[in-house]
Amino acid sequence: DAGITQSPRYKITETGRQVTLMCHQTWSHSYMFWYRQDLGHGLRLIYYSAAADITDKGEVPDGYVVSRSKTENFPLTLESATRSQTSVYFCATSSGLHTDTQYFGPGTRLTVL
Amino acid sequence: QQPVQSPQAVILREGEDAVINCSSSKALYSVHWYRQKHGEAPVFLMILLKGGEQKGHDKISASFNEKKQQSSLYLTASQLSYSGTYFCGTQSPYNNAGNMLTFGGGTRLMVKP
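In short, a report on the structure. (Residues numbered from 1 in each chain as written. Chains lettered and ligands numbered in written order. Predicted model: local features only at pLDDT ≥ 70, side-chain atom pairs only at ≥ 80, totals over all residues. Heavy atoms only, no water.)

**Topic: the pairing of strand 9 (residues 84-91) of chain B**
Residues and elements named next belong to chain B.
Okay, so step 1: The buried fraction of strand 9 amounts to eight of the eight residues, a majority that puts the element mostly inside the structure.
Okay, so step 2: Where strand 9 lies against strand 11 (residues 107-112), three bridges are found, and the strand directions are antiparallel. The residue of strand 11 that forms the bridge with G84 is L109.
Okay, so step 3: Here strand 9 runs beside strand 10 (residues 102-103); their pairing, made up of two bridges, is antiparallel. The residue bridging G89 from the neighbouring strand is F103, located in strand 10. (Buried < 20%, exposed > 50% of the residue type's maximum accessible area, 1.4 Å probe, protein only. Helix = DSSP H or I, 4+ residues; strand = E, 2+ residues; numbered from the N terminus. Pairing = 2+ DSSP bridges.)

**Here we look at unusual backbone geometry**
Okay, so step 1: In this model, S7(A) is joined to P8(A) through a cis peptide bond whose omega is -10 degrees.
Okay, so step 2: Looking at where P8(A) falls in the secondary structure, it is placed in the loop between strand 1 (4-7) and strand 2 (10-13).
Okay, so step 3: Going from S6(B) to P7(B), the amide bond is cis rather than trans, its omega being -5 degrees.
Okay, so step 4: Considering the arrangement of structural elements, one finds P7(B) in the loop between strand 1 (4-6) and strand 2 (9-13).
Okay, so step 5: Phi angles above zero are rare outside glycine, and Q69(B) is one such case at about 60 degrees.
Okay, so step 6: Note that Q69(B) resides in the loop between strand 7 (60-65) and strand 8 (70-75).

**Side note on the pattern of salt bridges**
All names here are of chain A.
Okay, so step 1: Under the defined criterion, the tally for this structure stands at three salt bridges over all chains.
Okay, so step 2: Here D38 makes a salt bridge to R36, at a shortest N to O gap of 2.9 Å.
Okay, so step 3: Classification of R36 by relative accessible area gives buried; the value is 8%.
Okay, so step 4: By sharing partners, the salt bridges in this structure join R36, D38 and R44 into a single network. (Salt bridge = Lys/Arg side-chain N within 4 Å of Asp/Glu carboxyl O.)

Interpretation in functional terms is not warranted from these geometric data alone.
Written out as structure tokens, the structure reads:
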């Protein structure tokens, strides 16, 4: 059981390019989340999704686009990458039950040159 | 608003105890604790749902004071494997769908032999 996977694990790109980070889960969890983690800022929520075709903004959504056509996939796209988007990106999932929590994927380290 | 964690960093010798605090300015529905090792994803430790609830996990336990909007993580007889950054994630009673969490800035714990 793979659980939650992210790809690629490492990515180097240039300013202005479009980049898509993938997140895939095998648990059929309703909720999926994208976070970025930077030194000094902890984990900040970019976007989240309550179900297929339902997405909403988090704390830092500017410069990012998400979609969720299938329950198991939640891609994050940087339409025109900037250096300030250099970060580690984590995807997380949750069943939504009040006794449950969020489970994190292994992360993608993105560098924008 | 982000919960505040204290201390920001702590260094221990093997066998010593530590307490990490998480404080919120808003009412809380639950508190979730995670540990993250360098270069890895945050790993779930425990969730506290009720005011005054205390939970244990091996030699790591936690308490949750709903009235004070605070939670504390207790690490007893620390081991080298306890090293990492500890995050609390807080859940609001007004937006608890999908286990939405707001994370603190983290506490870096280093255990030395």
